Amino acid sequence: MRYVLRRIGFYLVTVWAAVTINFFIPRLMPGNPVDIMVSKLSANGGLVNPGTVASLRAQFGMGANTSLLSQYFQYWDQLFHGNLGKSIGQYPATVVSVIGQHLPWTIGLIGSAVVIAFIVGTVIGTYSAWRRGTWLDSALPVSAFLQALPYFWLGLVAVQVFALNLGWFPRDLGGSTLGASTTMSWSFVGDASYHALLPAITIVLTSLSGWMVGQRNMMITTLDQDYVLVAQAKGVSPRRVMWLYAARNAILPQFASFAVALGLVVSGSLVVELVFNYPGIGTLLLNAVGNEDYTLMQGIFLVITLTVLAANFLADIAYVILDPRARQEA
(Lines give C-alpha, C1' and ligand atoms only; values in the text may rest on other atoms or scores of the structure.)
Protein backbone atom coordinates (compact mmCIF):
# COMPACT_ATOMS: atom_id res chain seq x y z
CA MET A 1 0.00 0.00 0.00
CA ARG A 2 2.86 2.37 0.83
CA TYR A 3 4.37 1.70 -2.61
CA VAL A 4 1.07 2.57 -4.31
CA LEU A 5 0.77 5.81 -2.32
CA ARG A 6 4.33 6.79 -3.29
CA ARG A 7 3.58 6.16 -6.95
CA ILE A 8 0.35 8.15 -6.74
CA GLY A 9 2.26 11.06 -5.20
CA PHE A 10 4.89 10.88 -7.92
CA TYR A 11 2.31 10.90 -10.71
CA LEU A 12 0.35 13.73 -9.10
CA VAL A 13 3.49 15.89 -9.11
CA THR A 14 4.11 14.90 -12.74
CA VAL A 15 0.54 15.84 -13.70
CA TRP A 16 0.93 19.22 -12.00
CA ALA A 17 4.18 19.88 -13.90
CA ALA A 18 2.65 18.79 -17.22
CA VAL A 19 -0.45 20.95 -16.79
CA THR A 20 1.66 23.95 -15.75
CA ILE A 21 3.92 23.62 -18.79
CA ASN A 22 0.89 23.10 -20.99
CA PHE A 23 -0.57 26.35 -19.65
CA PHE A 24 2.50 28.58 -19.96
CA ILE A 25 3.98 27.51 -23.31
CA PRO A 26 1.10 28.82 -25.49
CA ARG A 27 1.08 32.08 -23.53
CA LEU A 28 4.79 32.59 -24.06
CA MET A 29 4.37 32.29 -27.81
CA PRO A 30 3.78 35.42 -29.90
CA GLY A 31 0.15 36.29 -30.46
CA ASN A 32 -2.92 34.98 -28.66
CA PRO A 33 -6.24 33.33 -29.55
CA VAL A 34 -8.13 36.63 -29.50
CA ASP A 35 -5.84 38.23 -32.07
CA ILE A 36 -6.22 35.19 -34.32
CA MET A 37 -10.01 35.26 -34.02
CA VAL A 38 -10.12 39.00 -34.74
CA SER A 39 -7.89 38.63 -37.80
CA LYS A 40 -10.07 35.83 -39.15
CA LEU A 41 -13.25 37.80 -38.59
CA SER A 42 -11.74 40.83 -40.30
CA ALA A 43 -10.52 38.75 -43.24
CA ASN A 44 -14.02 37.32 -43.73
CA GLY A 45 -15.59 40.77 -43.66
CA GLY A 46 -17.00 40.43 -40.16
CA LEU A 47 -17.68 43.41 -37.95
CA VAL A 48 -15.12 43.68 -35.14
CA ASN A 49 -15.74 46.27 -32.46
CA PRO A 50 -14.31 46.73 -28.96
CA GLY A 51 -17.30 44.87 -27.49
CA THR A 52 -16.60 41.84 -29.66
CA VAL A 53 -12.93 41.86 -28.66
CA ALA A 54 -13.84 42.14 -24.97
CA SER A 55 -16.31 39.25 -25.30
CA LEU A 56 -13.70 37.05 -26.98
CA ARG A 57 -11.10 37.89 -24.32
CA ALA A 58 -13.58 36.94 -21.60
CA GLN A 59 -14.40 33.61 -23.30
CA PHE A 60 -10.71 32.70 -23.61
CA GLY A 61 -9.95 33.78 -20.02
CA MET A 62 -7.89 36.77 -21.08
CA GLY A 63 -9.73 39.68 -19.57
CA ALA A 64 -8.09 43.10 -19.61
CA ASN A 65 -7.55 43.12 -15.85
CA THR A 66 -6.74 39.40 -15.53
CA SER A 67 -3.16 38.66 -14.53
CA LEU A 68 -1.25 35.60 -15.73
CA LEU A 69 -1.43 34.07 -12.25
CA SER A 70 -5.21 34.53 -12.17
CA GLN A 71 -5.47 32.90 -15.59
CA TYR A 72 -3.41 30.00 -14.27
CA PHE A 73 -5.79 29.35 -11.36
CA GLN A 74 -8.79 29.79 -13.67
CA TYR A 75 -7.24 27.21 -15.98
CA TRP A 76 -7.03 24.68 -13.14
CA ASP A 77 -10.61 25.44 -12.15
CA GLN A 78 -11.77 24.83 -15.73
CA LEU A 79 -9.84 21.55 -15.86
CA PHE A 80 -11.56 20.29 -12.72
CA HIS A 81 -14.88 21.08 -14.39
CA GLY A 82 -13.88 19.33 -17.63
CA ASN A 83 -13.64 22.56 -19.60
CA LEU A 84 -10.72 23.00 -22.01
CA GLY A 85 -12.01 26.17 -23.62
CA LYS A 86 -13.34 26.85 -27.11
CA SER A 87 -11.70 25.85 -30.35
CA ILE A 88 -10.43 28.72 -32.48
CA GLY A 89 -10.67 26.90 -35.78
CA GLN A 90 -14.11 25.42 -35.07
CA TYR A 91 -15.54 28.24 -32.96
CA PRO A 92 -17.89 28.17 -31.03
CA ALA A 93 -17.41 24.40 -30.55
CA THR A 94 -15.64 23.44 -27.32
CA VAL A 95 -12.28 21.68 -27.35
CA VAL A 96 -13.75 18.76 -25.38
CA SER A 97 -16.46 18.15 -27.96
CA VAL A 98 -14.02 18.38 -30.89
CA ILE A 99 -11.55 15.96 -29.29
CA GLY A 100 -14.42 13.68 -28.28
CA GLN A 101 -15.47 13.33 -31.93
CA HIS A 102 -12.02 12.18 -33.09
CA LEU A 103 -10.46 10.41 -30.11
CA PRO A 104 -12.60 7.21 -30.32
CA TRP A 105 -11.41 6.65 -33.90
CA THR A 106 -7.76 6.71 -32.84
CA ILE A 107 -8.32 4.55 -29.76
CA GLY A 108 -10.32 2.05 -31.80
CA LEU A 109 -7.72 1.77 -34.57
CA ILE A 110 -4.31 2.20 -32.91
CA GLY A 111 -5.37 0.72 -29.57
CA SER A 112 -6.81 -2.43 -31.12
CA ALA A 113 -3.77 -2.85 -33.37
CA VAL A 114 -1.35 -2.50 -30.44
CA VAL A 115 -3.27 -5.03 -28.33
CA ILE A 116 -3.45 -7.54 -31.20
CA ALA A 117 0.26 -7.12 -32.00
CA PHE A 118 1.16 -7.57 -28.32
CA ILE A 119 -0.90 -10.74 -27.88
CA VAL A 120 0.11 -12.37 -31.17
CA GLY A 121 3.77 -11.39 -30.85
CA THR A 122 3.98 -12.62 -27.26
CA VAL A 123 2.38 -15.98 -28.08
CA ILE A 124 4.61 -16.55 -31.11
CA GLY A 125 7.71 -15.47 -29.15
CA THR A 126 6.81 -17.90 -26.35
CA TYR A 127 6.40 -20.87 -28.70
CA SER A 128 9.50 -19.86 -30.67
CA ALA A 129 11.65 -19.95 -27.52
CA TRP A 130 10.08 -23.17 -26.25
CA ARG A 131 10.65 -24.89 -29.61
CA ARG A 132 13.78 -23.02 -30.64
CA GLY A 133 15.60 -24.52 -33.59
CA THR A 134 12.37 -25.45 -35.37
CA TRP A 135 10.61 -23.76 -38.29
CA LEU A 136 9.21 -21.10 -35.94
CA ASP A 137 12.60 -19.41 -35.87
CA SER A 138 12.21 -18.66 -39.58
CA ALA A 139 9.39 -16.26 -38.76
CA LEU A 140 11.78 -13.94 -36.90
CA PRO A 141 13.76 -12.68 -39.95
CA VAL A 142 10.52 -12.08 -41.87
CA SER A 143 8.99 -10.08 -39.01
CA ALA A 144 12.26 -8.18 -38.51
CA PHE A 145 12.25 -7.25 -42.19
CA LEU A 146 8.68 -5.91 -41.92
CA GLN A 147 9.59 -3.93 -38.79
CA ALA A 148 12.56 -2.37 -40.58
CA LEU A 149 10.24 -0.98 -43.26
CA PRO A 150 8.84 2.50 -42.53
CA TYR A 151 5.20 1.84 -41.68
CA PHE A 152 4.00 4.84 -43.67
CA TRP A 153 5.77 3.40 -46.75
CA LEU A 154 4.18 0.01 -46.15
CA GLY A 155 0.86 1.79 -45.74
CA LEU A 156 1.24 3.55 -49.09
CA VAL A 157 2.05 0.21 -50.77
CA ALA A 158 -0.98 -1.40 -49.10
CA VAL A 159 -3.26 1.39 -50.34
CA GLN A 160 -1.88 1.13 -53.87
CA VAL A 161 -2.15 -2.67 -54.06
CA PHE A 162 -5.21 -3.59 -52.02
CA ALA A 163 -7.32 -0.43 -52.34
CA LEU A 164 -6.52 0.96 -55.79
CA ASN A 165 -5.39 -2.09 -57.81
CA LEU A 166 -7.38 -4.96 -56.29
CA GLY A 167 -10.29 -2.91 -54.96
CA TRP A 168 -10.61 -4.97 -51.79
CA PHE A 169 -10.85 -1.83 -49.68
CA PRO A 170 -12.41 1.59 -50.38
CA ARG A 171 -10.16 4.07 -52.14
CA ASP A 172 -10.99 6.87 -49.69
CA LEU A 173 -10.37 4.88 -46.52
CA GLY A 174 -11.50 7.60 -44.15
CA GLY A 175 -13.92 9.53 -46.32
CA SER A 176 -17.16 7.82 -45.48
CA THR A 177 -16.44 7.34 -41.78
CA LEU A 178 -15.43 10.98 -41.40
CA GLY A 179 -18.82 12.17 -42.56
CA ALA A 180 -20.84 9.31 -41.17
CA SER A 181 -23.10 9.51 -38.19
CA THR A 182 -21.47 8.16 -35.06
CA THR A 183 -24.76 6.67 -33.83
CA MET A 184 -23.86 3.19 -32.64
CA SER A 185 -25.39 0.48 -34.79
CA TRP A 186 -24.24 -2.75 -36.36
CA SER A 187 -24.00 -1.12 -39.78
CA PHE A 188 -21.89 1.70 -38.38
CA VAL A 189 -19.58 -0.71 -36.50
CA GLY A 190 -19.19 -2.83 -39.62
CA ASP A 191 -18.41 0.17 -41.81
CA ALA A 192 -15.88 1.56 -39.32
CA SER A 193 -14.20 -1.85 -38.95
CA TYR A 194 -14.03 -2.25 -42.73
CA HIS A 195 -12.31 1.12 -43.12
CA ALA A 196 -9.93 0.43 -40.20
CA LEU A 197 -8.91 -3.07 -41.29
CA LEU A 198 -6.14 -2.15 -43.74
CA PRO A 199 -4.38 0.42 -41.49
CA ALA A 200 -4.70 -1.97 -38.53
CA ILE A 201 -3.04 -4.78 -40.48
CA THR A 202 -0.23 -2.42 -41.47
CA ILE A 203 0.39 -1.41 -37.83
CA VAL A 204 0.32 -5.03 -36.62
CA LEU A 205 2.79 -6.23 -39.27
CA THR A 206 5.30 -3.45 -38.56
CA SER A 207 5.16 -3.81 -34.76
CA LEU A 208 4.89 -7.60 -34.42
CA SER A 209 8.63 -8.29 -34.51
CA GLY A 210 9.45 -6.26 -31.41
CA TRP A 211 7.03 -8.22 -29.25
CA MET A 212 8.19 -11.55 -30.71
CA VAL A 213 11.90 -10.93 -30.21
CA GLY A 214 11.45 -9.42 -26.74
CA GLN A 215 9.36 -12.34 -25.47
CA ARG A 216 11.61 -14.95 -27.11
CA ASN A 217 14.78 -13.53 -25.55
CA MET A 218 13.22 -13.34 -22.08
CA MET A 219 11.82 -16.86 -22.44
CA ILE A 220 15.23 -18.29 -23.34
CA THR A 221 16.72 -16.62 -20.26
CA THR A 222 13.87 -17.79 -18.03
CA LEU A 223 14.02 -21.41 -19.24
CA ASP A 224 17.49 -21.71 -17.71
CA GLN A 225 16.29 -20.72 -14.25
CA ASP A 226 16.37 -23.30 -11.47
CA TYR A 227 12.64 -23.27 -10.75
CA VAL A 228 11.90 -24.16 -14.38
CA LEU A 229 14.41 -27.03 -14.36
CA VAL A 230 13.02 -28.32 -11.06
CA ALA A 231 9.46 -28.22 -12.44
CA GLN A 232 10.55 -30.22 -15.47
CA ALA A 233 12.41 -32.72 -13.26
CA LYS A 234 9.30 -33.21 -11.10
CA GLY A 235 7.32 -34.23 -14.17
CA VAL A 236 5.13 -31.16 -14.54
CA SER A 237 3.42 -31.14 -17.95
CA PRO A 238 5.34 -29.23 -20.64
CA ARG A 239 2.42 -26.89 -21.34
CA ARG A 240 2.15 -25.98 -17.66
CA VAL A 241 5.89 -25.38 -17.43
CA MET A 242 5.83 -23.23 -20.55
CA TRP A 243 2.95 -20.97 -19.52
CA LEU A 244 2.81 -20.92 -15.71
CA TYR A 245 6.51 -21.18 -14.93
CA ALA A 246 8.40 -19.68 -17.86
CA ALA A 247 6.05 -17.39 -19.81
CA ARG A 248 4.46 -15.91 -16.69
CA ASN A 249 7.82 -14.53 -15.56
CA ALA A 250 9.22 -13.77 -19.00
CA ILE A 251 6.25 -11.58 -19.89
CA LEU A 252 6.81 -9.13 -17.03
CA PRO A 253 9.25 -6.83 -18.91
CA GLN A 254 6.84 -6.90 -21.83
CA PHE A 255 4.19 -5.22 -19.69
CA ALA A 256 6.33 -2.13 -19.24
CA SER A 257 6.78 -1.81 -23.01
CA PHE A 258 3.08 -2.54 -23.52
CA ALA A 259 2.12 0.27 -21.16
CA VAL A 260 4.36 2.71 -23.03
CA ALA A 261 2.87 1.55 -26.34
CA LEU A 262 -0.67 2.06 -25.02
CA GLY A 263 0.25 5.49 -23.71
CA LEU A 264 1.59 6.48 -27.12
CA VAL A 265 -1.57 5.32 -28.90
CA VAL A 266 -2.96 8.85 -28.93
CA SER A 267 0.28 10.58 -29.94
CA GLY A 268 1.68 8.02 -32.37
CA SER A 269 -1.13 7.99 -34.89
CA LEU A 270 -0.36 11.05 -37.00
CA VAL A 271 1.46 9.46 -39.95
CA VAL A 272 -0.84 6.43 -40.10
CA GLU A 273 -3.94 8.60 -40.16
CA LEU A 274 -2.48 10.85 -42.84
CA VAL A 275 -1.60 7.91 -45.10
CA PHE A 276 -5.04 6.33 -44.78
CA ASN A 277 -7.02 9.59 -44.49
CA TYR A 278 -8.34 8.40 -41.14
CA PRO A 279 -10.36 10.83 -38.99
CA GLY A 280 -8.46 10.41 -35.73
CA ILE A 281 -6.65 12.59 -33.23
CA GLY A 282 -3.49 12.77 -35.37
CA THR A 283 -5.36 14.33 -38.29
CA LEU A 284 -7.08 16.69 -35.86
CA LEU A 285 -3.72 17.79 -34.41
CA LEU A 286 -2.33 18.49 -37.87
CA ASN A 287 -5.38 20.59 -38.76
CA ALA A 288 -5.09 22.45 -35.46
CA VAL A 289 -1.47 23.35 -36.21
CA GLY A 290 -2.40 24.52 -39.70
CA ASN A 291 -5.27 26.65 -38.37
CA GLU A 292 -3.19 28.03 -35.46
CA ASP A 293 -5.81 26.64 -33.12
CA TYR A 294 -3.81 27.04 -29.91
CA THR A 295 -6.60 26.02 -27.56
CA LEU A 296 -7.22 22.79 -29.47
CA MET A 297 -3.49 21.99 -29.60
CA GLN A 298 -3.29 22.66 -25.88
CA GLY A 299 -6.17 20.26 -25.23
CA ILE A 300 -4.68 17.54 -27.43
CA PHE A 301 -1.28 17.81 -25.75
CA LEU A 302 -2.95 17.55 -22.36
CA VAL A 303 -4.87 14.44 -23.41
CA ILE A 304 -1.66 12.85 -24.73
CA THR A 305 0.22 13.63 -21.51
CA LEU A 306 -2.49 12.28 -19.23
CA THR A 307 -2.85 9.16 -21.37
CA VAL A 308 0.85 8.35 -21.14
CA LEU A 309 0.92 8.96 -17.37
CA ALA A 310 -2.20 6.85 -16.79
CA ALA A 311 -0.79 3.96 -18.83
CA ASN A 312 2.51 4.02 -16.95
CA PHE A 313 0.74 4.17 -13.58
CA LEU A 314 -1.42 1.15 -14.44
CA ALA A 315 1.73 -0.68 -15.59
CA ASP A 316 3.41 0.01 -12.24
CA ILE A 317 0.42 -1.35 -10.35
CA ALA A 318 0.09 -4.38 -12.62
CA TYR A 319 3.80 -5.16 -12.26
CA VAL A 320 3.54 -5.22 -8.47
CA ILE A 321 0.45 -7.46 -8.63
CA LEU A 322 2.00 -9.92 -11.09
CA ASP A 323 5.50 -10.13 -9.59
CA PRO A 324 5.73 -11.18 -5.92
CA ARG A 325 9.39 -10.05 -5.84
CA ALA A 326 8.31 -6.49 -6.69
CA ARG A 327 5.76 -6.61 -3.86
CA GLN A 328 8.43 -7.76 -1.41
CA GLU A 329 10.81 -4.97 -2.49
CA ALA A 330 7.98 -2.43 -2.23
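Just so you know, these numbers come straight off a predicted model, no measurement behind them.

What counts, and at which threshold
In this convention, every chain numbers its residues from 1, walking through the sequence in written order. In view of the model being predicted, local features appear only for residues whose pLDDT reaches at least 70, and side-chain atom pairs are presented and counted only at 80 or more, with totals across whole chains, interfaces and linings using the full set of residues. Side-chain measures were taken over the full set of non-hydrogen atoms in the model, leaving aside hydrogen atoms and water. What we call a nonpolar core is a set of buried Ala, Val, Leu, Ile, Met, Phe, Trp, Tyr and Cys residues that are connected through their side-chain atoms within 4.5 Å. Summary of the burial criterion: residues with accessible area below 20% of their type's maximum are buried, those above 50% are exposed, and those between are partly exposed, where the area comes from a 1.4 Å probe applied to protein chains only. Working definition: helices are DSSP H or I runs of at least four residues, strands are E runs of at least two. Numbering for both runs from the N terminus. A contact between two residues is defined here by any heavy atoms of the two lying within 4.5 Å. In this analysis, axes come from line fits to C-alpha atoms, helices being fitted only over the stretch in contact, and the angle between any two N-to-C directions falls in the range 0 to 180 degrees. Each crossing gets its handedness from the near helix: less than a right angle anticlockwise from the far helix is left-handed, clockwise is right-handed. Under the grouping applied here, Gly and all other residues not named as nonpolar or charged are polar, the nonpolar ones being Ala, Val, Leu, Ile, Met, Phe, Trp, Tyr, Cys and Pro and the charged ones Asp, Glu, Lys and Arg. Should an angle fall under 35 degrees it is taken as roughly parallel, and over 145 as roughly antiparallel, whereas 65 to 115 is taken as roughly perpendicular and any remaining angle as oblique. Side-chain atoms alone can form a polar contact between residues adjacent in sequence; in general such a contact is a pair of N or O atoms within 3.5 Å, and within protein one must be able to donate a hydrogen while the other accepts it. pLDDT expresses how confident the predictor is about each individual residue, on a scale running from 0 to 100. Each patch groups residues whose relative accessible area exceeds 30% and which form no salt bridge, using 9 Å between like charges and 5 Å between nonpolar side chains of Val, Leu, Ile, Met, Phe, Trp and Tyr. Only the protein chains shown count as cover for residues, with accessible areas throughout obtained via the Shrake-Rupley method and a probe of 1.4 Å. Should a side-chain nitrogen of Lys or Arg be within 4 Å of a carboxyl oxygen of Asp or Glu, the pair is scored as a salt bridge.

1. What to know about the nonpolar core
In step 1: Leu109, Ile110, Ile203 and Val272 are the most contacted members of the largest nonpolar core, which totals 23 residues.
In step 2: Breaking this core down by element, the ones donating at least two residues are α5 (95-130), α7 (151-165) and α9 (186-222).
In step 3: Dropping the residues within four chain positions of it, valine 272 is found in contact with Leu109, Ile110, Tyr151, Pro199 and Ile203.
In step 4: Formed by 22 residues, the second largest nonpolar core is a distinct cluster that contains Tyr75, Leu79, Met297 and Ile300.

2. Overview of the packing of α5 against helix α11 (residues 238-250)
In step 1: Two elements in contact, α5 and α11, have axes separated by 12 Å at closest approach and are oriented at 120°. At the point where α5 passes α11, the crossing takes the right-handed sense. Contacts between α5 and α11 involve Val123, Thr126, Tyr127 and Trp130 from the first element and Pro238, Val241, Met242, Trp243 and Ala247 from the second.
In step 2: In terms of residue class, the contact of α5 with α11 is made up of 8 nonpolar, 1 polar and no charged.

3. Examining the packing of helix α10 (residues 226-233) against α11
In step 1: Interhelical geometry of α10 versus α11 gives an angle of 180° and a closest axis separation of 10 Å. Classed by the angle they form, the pair α10 and α11 counts as roughly antiparallel. Taken together, the residues of α11 that come into contact with α10 (itself represented by Tyr227, Val228, Ala231 and Gln232) are Val241, Tyr245 and Asn249.
In step 2: Among the residues making up the contact of α10 with α11, the classes are represented as 5 nonpolar, 2 polar and no charged.

4. Focus: the side chain of glutamine 254
In step 1: Topologically, glutamine 254 is positioned in helix α12 (residues 252-263).
In step 2: At 3.2 Å, the side chain of glutamine 254 forms a polar contact with the backbone oxygen of tryptophan 211.

5. Things to note about the environment of alanine 315
In step 1: Topologically, alanine 315 is positioned in helix α15 (residues 294-322).
In step 2: On a C-alpha basis, the gap between alanine 315 and alanine 256 in space is 6.0 Å, while along the polypeptide they are 59 residues apart.
In step 3: Here alanine 315 is in contact with Phe255 and Ala259, once residues within four sequence places are set aside.

6. Examining the environment of glutamine 147
In step 1: On the secondary structure map, glutamine 147 appears in helix α6 (residues 139-148).
In step 2: On the accessibility criterion, glutamine 147 (39% relative accessible area) is partly exposed.
In step 3: Separated by 56 residues in the primary sequence, glutamine 147 and isoleucine 203 have C-alpha atoms spaced 9.6 Å apart.
In step 4: Apart from residues lying up to four places away in sequence, glutamine 147 is in contact with Thr206, Ser209 and Gly210.

7. Some points on the confidence of the model for the protein chain
In step 1: A residue-level look at the protein chain finds 77% of positions with pLDDT of 70 or above and a mean pLDDT of 76.
In step 2: Confidence drops under a pLDDT of 50 for residues 175-181, and excluding neighbours within four residues, the segment shows 11 contacts in the predicted structure.

8. A closer look at the side chain of asparagine 22
In step 1: Note on placement: asparagine 22 falls in helix α1 (residues 2-28).
In step 2: Side chain to side chain, asparagine 22 and tyrosine 75 meet in a polar contact 3.1 Å long.
In step 3: In this view, asparagine 22 contacts Tyr75, Gln298, Phe301 and Leu302; residues no more than four positions away in its chain are not counted.

9. Quick word on a nonpolar patch on the surface
In step 1: A surface patch of nonpolar side chains, about 880 Å² in accessible area, is lined by Tyr151, Phe152, Trp153, Leu156, Val157, Val161, Phe162, Leu166, Trp168 and Val271.
In step 2: If you tally residues by element for the nonpolar patch, the top one is α7, at 7 residues.
In step 3: Turning to its location among the elements, valine 271 is positioned in helix α13 (residues 270-275).

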